[in-house]
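Chain by chain, the residues:
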Amino acid sequence: MLKTRGWIALLCGLFLVFLLALCLRRPASGPVTTAQIYVDGVLVRSVDLDAVETEERFTVEGGGGVNEICVQPGQIRVEEADCPDQICVLQGWISSPEDLPLVCLPHGLLIEIADTEP
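Reading the values: rules and limits
Residues numbered from 1 in each chain as written. Predicted model: local features only at pLDDT ≥ 70, side-chain atom pairs only at ≥ 80, totals over all residues. Heavy atoms only, no water. Helix = DSSP H or I, 4+ residues; strand = E, 2+ residues; numbered from the N terminus. Buried < 20%, exposed > 50% of the residue type's maximum accessible area, 1.4 Å probe, protein only. Areas by Shrake-Rupley, 256 points an atom, 1.4 Å probe, with all protein chains shown as cover. Disulfide = S-S within 2.5 Å. Pairing = 2+ DSSP bridges. Axes fitted to C-alpha atoms, helices over the stretch in contact; angles between N-to-C directions. Polar contact = N/O pair within 3.5 Å; in protein donor to acceptor, adjacent residues only side chain to side chain. Phe/Tyr/Trp six-rings, centres within 6.5 Å; stacked < 30°, edge-to-face > 60°. Lys NZ or Arg CZ within 6 Å of the ring centre and 35° of its normal. Salt bridge = Lys/Arg side-chain N within 4 Å of Asp/Glu carboxyl O.

(A) Molecular detail of the overall build of the protein. Helix and strand counts for the protein come out as two helices and seven strands. Counted from the first residue to the last, the protein has its helices and strands arranged as α-β-β-β-β-β-α-β-β. Here the protein holds 118 residues, and 30% of them are scored as buried. Counting every atom, the protein has about 7,900 Å² of accessible surface; 60% of that belongs to carbon and sulfur.

(B) Focus on the state of the cysteines. All told, the structure shown has zero disulfides when counted by the stated rule. Cysteine Cys83 shares no disulfide, and the gap to the nearest cysteine sulfur, in Cys104, comes to 3.7 Å. Cys83 gets classed as buried once you look at its relative accessible area, which sits at 5%.

(C) Broad picture of the sheet that holds strand β6 (residues 102-104). Spatial strand order, β2-β1-β7-β6: four strands in an open sheet with antiparallel pairing. The open sheet is flanked by β2 (42-48) and β6, the only strands paired with a single partner. Taking each pair of neighbouring strands and ignoring which way they run, the sheet shows an average axis angle of 25 degrees.

(D) The environment of Glu68, seen in detail. Within the secondary structure, Glu68 is located in strand β4 (residues 65-72). With a relative accessible area of 21%, Glu68 lands in the partly exposed category. Taking the C-alpha atoms as reference points, Glu68 and Asp82, 14 residues apart in sequence, are found 9.1 Å from one another. Looking at Glu68, its side chain comes within polar contact range of the side chain of Thr59, at 2.9 Å.

(E) Expanded view of the packing of aromatic side chains. Per the counting criterion, the structure on display carries zero aromatic pairs. In this structure, Arg45 is placed above the aromatic ring of Phe58, and the distance from its NZ or CZ to the ring centre is 3.8 Å.

(F) Inspection of the sheet that holds β4 at higher detail. One open sheet holds the three strands; their spatial order is β3-β4-β5, and the pairing between them is antiparallel. What marks the edges here is a single partner per strand, and that holds for β3 (56-62) and β5 (75-81). Direction aside, neighbouring strands of the sheet carry axes that sit 30 degrees apart on average. Across six bridges, β4 lies against β5 in antiparallel orientation. From the neighbouring strand, Asn67 faces β5, where its bridge partner is Ala81.

(G) Summary view of the pattern of salt bridges. Here the structure, examined in full by the defined rule, presents four salt bridges. A salt bridge links Glu56 to Arg45; its shortest N-O distance comes to 2.8 Å. With Glu56 in strand β3 and Arg45 in strand β2, the pair connects residues that are 11 residues apart, well separated along the chain. Of the charged contacts, one joins Arg57 and Glu79 as a salt bridge, the two residues approaching to 2.6 Å between their closest N and O atoms. With Arg57 in strand β3 and Glu79 in strand β5, the pair connects residues that are 22 residues apart, well separated along the chain. By relative accessible area, which is 43% here, Arg57 ends up partly exposed. Bridged by salt links that share partners, the residues Glu55, Arg57, Arg77 and Glu79 form one connected network.

See below:
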């Protein structure tokens, strides 16, 4: 009886070690939320919104104009633009694929959010 219990305990211990090893090897990451920035249909920049830790600003030029983009952890927006109607600026922040894309028609700018695999 003691021999049987010993073997059962040993097998259970080995099984638990095997499960622990599987959990440690498997990456826990899921899809990455990425802002994809297009000018005239061409991808010019991709920003991993999950990796952004501090506010970042950069300029995107296209269609004869300039857009100032602001990125914060998990979200992106057009902060300034030299287009006449400023609709892209008024759209505000987007942060998920369910949000409408940011569009500046005069400059040919499109910013959309996508969940991508790492």
